[in-house]
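Below are the chains, spelled out letter by letter.
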Amino acid sequence: MDIHTIYYILAWILLIIGVALAVFGVAIWDMLLSVFGGMLGWMIGFGIGIAYFGYDSWTGIILAIVIGIIGSLIMAAIFEFLVEAALSFLAGILVAGMVYAATGEFMYAAIVCIVVTVVAYILIEHVVAIVTAFIGAILAAMAIWYLWGANLAILSFILLFIFGAMIQHYMLDEYDFGR
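In this report, we go over the structure that sits alongside the text. Counting restarts for each chain, with residues numbered from 1 along the sequence as it is written. Only residues with pLDDT of 70 or above have their local features reported here, since the model is predicted, and side-chain atom pairs are shown and tallied only from 80 upward, although totals for entire chains, interfaces and linings are computed over all residues. The basis for the side-chain values is all heavy atoms of the structure; hydrogens and waters are excluded.

1. A word on the nonpolar core
Consideration 1: The definition of a nonpolar core used throughout is a set of buried Ala, Val, Leu, Ile, Met, Phe, Trp, Tyr and Cys residues joined through side-chain atoms within 4.5 Å. Throughout, exposure labels follow a simple rule: accessible area from a 1.4 Å probe, protein chains only, divided by the maximum for the residue type, with under 20% read as buried, over 50% as exposed, and the rest as partly exposed. Ranked by size, the top nonpolar core spans 13 residues in total, and within it L15 and L160 carry the most contacts.
Consideration 2: Strands are runs of DSSP state E lasting at least two residues, helices are runs of H or I lasting at least four, and both sets are numbered from the N terminus onward. Those elements giving two or more residues to this core turn out to be α1 (3-53), α4 (124-148) and α5 (150-171).
Consideration 3: Counting residues per element, this core draws most heavily on α4, which supplies six residues.
Consideration 4: For L15, the residues in contact, after removing those within four places along its chain, are A140, A143, I144 and W148.
Consideration 5: Membership of the second largest hydrophobic core comes to 10 residues, among which are V83, L87, I124 and V127. By the convention used here, residues are in contact when the closest approach between their heavy atoms is within 4.5 Å.

2. Topic: the packing of α1 against α4
Consideration 1: For every element, the axis is a line fit to its C-alpha atoms; helices are fit only across the contacting stretch, and the angle between N-to-C directions ranges from 0 to 180 degrees. At a minimum axis separation of 8 Å, α1 and α4 run at an interaxial angle of 165°. When the axis of α1 is compared with that of α4, the two are roughly antiparallel. Considering only the axes of α1 and α4, their crossing is left-handed.
Consideration 2: The classification used treats Ala, Val, Leu, Ile, Met, Phe, Trp, Tyr, Cys and Pro as nonpolar, Asp, Glu, Lys and Arg as charged, and all other residues, Gly among them, as polar. Taken together, the residues of the contact of α1 with α4 break down into 25 nonpolar, five polar and one charged. Orientation is classified from the angle alone, with under 35 degrees giving roughly parallel, over 145 giving roughly antiparallel, 65 to 115 giving roughly perpendicular, and any other angle giving oblique. Note on convention: near helix rotated counterclockwise from far helix by under a right angle means a left-handed crossing. Clockwise means right-handed.

3. Quick notes on the environment of A77
Consideration 1: Checked against the element boundaries, A77 lands in helix α2 (residues 58-103).
Consideration 2: When the C-alpha positions of A77 and V35 are compared, they lie 9.9 Å apart, and in sequence the two are 42 residues distant.

4. Observations concerning the packing of α1 against α5
Consideration 1: Between α1 and α5, the least distance of the axes is 6 Å, while the angle of their chain directions is 30°. Viewed along their axes, α1 and α5 adopt a mutual orientation that is roughly parallel. Here α1 runs over α5; the crossing is right-handed. For the pair α1 and α5, contact is made by G18, V19, L21, A22, V23, F24, G25 and V26 and by L160, F163, G164, A165, I167 and Q168, respectively.
Consideration 2: Counted by class, the contact of α1 with α5 contains 10 nonpolar, four polar and no charged residues.

5. A closer look at the side chain of T117
Consideration 1: Note that T117 resides in helix α3 (residues 106-122).
Consideration 2: The contacts of T117, once residues within four sequence positions are left out, are S88, F89 and G92.

6. Details of the packing of aromatic side chains
Consideration 1: Ring geometry is summarised as follows: Phe, Tyr and Trp rings, the Trp one being its six-membered ring, pair when their centres sit within 6.5 Å, and such pairs are stacked at plane angles under 30 degrees, edge-to-face over 60 and tilted between the two. The tally for this structure, following the rule as stated, stands at seven aromatic pairs.
Consideration 2: Judged by centre distance (6.4 Å) and plane angle (70°), the ring pair of Y8 and W12 falls under edge-to-face. Of this pair, Y8 and W12 both sit in helix α1, four residues apart, which is roughly one turn of that helix.
Consideration 3: Centroid distance F157 to F161: 6.2 Å. Interplanar angle 5°. Geometry classified as stacked. Here F161 and F157 lie together in helix α5, a separation of four residues that amounts to about one turn.
Consideration 4: With relative accessibility at 22%, the residue F157 sits in the partly exposed group.

7. Quick look at α3
Consideration 1: Each residue after the first adds 1.5 Å to the expected span of a helix. The end-to-end C-alpha separation of α3 is 24 Å, in line with the 24 Å expected for 17 residues at 1.5 Å each.
Consideration 2: Taken together, the buried positions of α3 are A109, C113, T117 and A120. Projection of α3 onto a plane perpendicular to its axis shows the buried side chains occupying an angular sector of 75°, all on one side. Exposed and oriented more than 90 degrees from the buried face of α3 are M107, I114 and I122.
Consideration 3: Its buried side turned inward, α3 meets α2 and α4. Working definition: the arc comes from the directions between the helix axis and the C-beta atoms, pointing outward to the latter.

By themselves these figures say nothing about function.
In structure tokens form, the structure reads like this:
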């Protein structure tokens with residue numbers, strides 16, 4: 001198999017993932033956060049286990065694996081809350097940066113940052129819908145750019161972002177996905 005065939009297959013996989021994330025982002029957000037938190041917890045726990053017990057013996061490796069599993073379970077359980085809080089704070093910082101650039105006043109920017117962070121955390125479902133629609137549209141547009149060109153990629157990004165955000169806000173909000 002040559003490299004262009006591999007790129008072609010990867011572009012189709014990226015297209016499928018991008019469309020799924022853009023259209024069903026709110027529905028799969030919790031699962032993605034748990035998986036990402038679990039992977040991060042595994043890496044941190046296993047790294048700590050290797051640092052303390054080494055990898056010279058079977059006992060050290062087994063203890064590192066056990067600590068990695070414990071770290072994975074802990075991070076998967078708490079990662080959803082931390083990422084939602086961080087996403088809210090990031091939204092606050094972005095809006096505060098725009099306010100600071102427009103006014104030049106740090107105090108106004110700090111107040112806006114606090115207000116936007118609180119409002120974004122209260123409305124986290126809508127923030128997640130917009131962010132996942134945006135990221136999914138970018139991923140799909142990158143795949144379409146590779147497969148069919150830049151003009152179609154730009155058009156597909158705009159349409160998929162709007163369509164995905166609308167689907168998530170109006171159709172998927174009616175359902176309770178285990179929350």
